[in-house]
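Take a look at the letters that make up each chain.
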Amino acid sequence: MKNVTFEQFNNAEFKLFDGNPILKNPLESFVIADPSVLTPDVSHDGKWHLFCHTFFGVYRYESTDGVNFKNTGKIVNRAMRPNINYTDGKYYLFYERTRPVIFNLLSLVGAKWISKIYCVESTDLKNWSEPYLVIGKTRDYEECKYGIAISNPFLINIDNKYRMYYSCGQTFIKDCGFCEPTHISFAESNAIANGYVSRENPIISPDKNVEYLNLCSGCLKVYKLKDCYIGLQNGLFEKNGISHSAIMLLKSQDGVNFEFVKPFLIPQLQGGSHWMAQYVYACCLTYYEGKLRLYFNARNVSNNLTGRECIGIFEAEI
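Residues numbered from 1 in each chain as written. Predicted model: local features only at pLDDT ≥ 70, side-chain atom pairs only at ≥ 80, totals over all residues. Heavy atoms only, no water.

Undergrad: I'd love a proper account of the overall build of the chain, names of residues and values included.
TA: For the chain, the helix and strand inventory stands at 2 helices and 23 strands. In terms of overall dimensions, the chain is globule-like: its C-alpha atoms have a radius of gyration of 18 Å, near the 20 Å expected for 318 residues. Along the longest, intermediate and shortest principal axes, the C-alpha atoms of the chain span 45 × 45 × 40 Å. Per-residue burial for the chain yields a buried fraction of 58% across its 318 residues. Within the chain, counting contacts between residues at least 6 apart in sequence, those at least 24 apart form 51% of the total. For the chain, the exposed area adds up to about 14100 Å²; of that, 48% sits on carbon and sulfur atoms. Of the side-chain charges in the chain, 33 are positive and 32 negative, and the distance between the mean point of each set is 4 Å. (Helix = DSSP H or I, 4+ residues; strand = E, 2+ residues; numbered from the N terminus. Rg over C-alpha atoms; globule rule 2.2 N^0.38 Å. Buried < 20%, exposed > 50% of the residue type's maximum accessible area, 1.4 Å probe, protein only. Contact = heavy atoms within 4.5 Å. Areas by Shrake-Rupley, 256 points an atom, 1.4 Å probe, with all protein chains shown as cover. Lys, Arg positive; Asp, Glu negative; His and termini not counted. Charge placed at Lys NZ, Arg CZ, Asp CG, Glu CD.)

Undergrad: Give a detailed account of the pairing of strand S2 (residues 33-38), specifying residues and quantitative values.
TA: With 6 of 6 residues buried, S2 is to be regarded as a mostly interior element. Two strands pair when backbone bridges link them, and S2 and strand S3 (residues 48-54) are joined in this way by 4 bridges, in the antiparallel orientation. Counterpart to Leu 38 in the pairing with S3 is His 49. (Pairing = 2+ DSSP bridges.)

Undergrad: Residues and numbers for the packing of aromatic side chains, please.
TA: Applying the stated criterion across every chain yields a total of 18 aromatic pairs. Ring plane angle 20° and centroid distance 5.6 Å describe the contact between Phe 9 and Phe 264, whose orientation is recorded as stacked. On the criterion of sequence distance, the pair formed by Phe 9 in helix H1 (residues 6-11) and Phe 264 in strand S20 (residues 259-265) is long-range, its members being 255 residues apart. Each residue in the set Phe 9, Phe 14, Phe 264 and Phe 314 is aromatic and connected to the rest through ring pairs, giving one cluster. Residue placement shows Arg 163 over the ring face of Phe 186; its charged tip is 4.4 Å from the ring centre. Looking at Arg 308, its charged tip hangs above the ring of Phe 30, at a distance of 3.9 Å from the centre. (Phe/Tyr/Trp six-rings, centres within 6.5 Å; stacked < 30°, edge-to-face > 60°. Lys NZ or Arg CZ within 6 Å of the ring centre and 35° of its normal.)

Following this line, the structure appears as structure tokens:
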């Protein structure tokens, strides 16, 4: 995307893909969420690869067209919110590592949540290393009364230094019955898989006076364009007593100080379907053969029993 200007991106006519959702939650899980995608030009086999999570871990899907994906199986347990990176012939899959499932379930009834960012490595997407710790709690703002959540890793190389954006803290969303990330921060390192030092303060925090950020911060994905950085952030907000999430377009010259540009993708009905009616969550932006494609997950309703999360596409020619 380094050849795309901000004006081109901002003026692109994005449309929801008619075949949405492209991935529906499996029967054994209420959710399939947090897509992270590699395009054919940055994968070793010339295929599309999509990583996402269900209740049972992180999975890999592959495709020849970026739309019709086949499940190739689970990569790692106790894992959610993946971020895939391919560099120097090796894949680095960063993710939020949680405690065993029983502890996650107990968090719904008051037990504290504990998670950190881990990584597994591979050269062929089939054989993976043992998980190892990348970022844990080092700052006071990363902990709250609900526990410690270090989540939503997203890696970018800026001026030959690795910068990993991540979410932290927890805000309880009443009508959902679970927590979402409070702050967004980042850590930097000279090495891709270790040595990260987190900022002393978050770069994004909730603000009761900001329409799309009055509950909590969600997560942030940052991309380098020709003339600036853009951020795609799914803030959580309350409107008329009901919570929602939407993806916002942000702009920055340094990847640290972001300004709000516009709502980019908001909850809505699509062709009469409610699949993205209340929440639009985490996303991954790709650029391949003149097409911008945003993969994202969305949720129909807040209710714990009837809420379902699926993955869809929002795309534009450029």
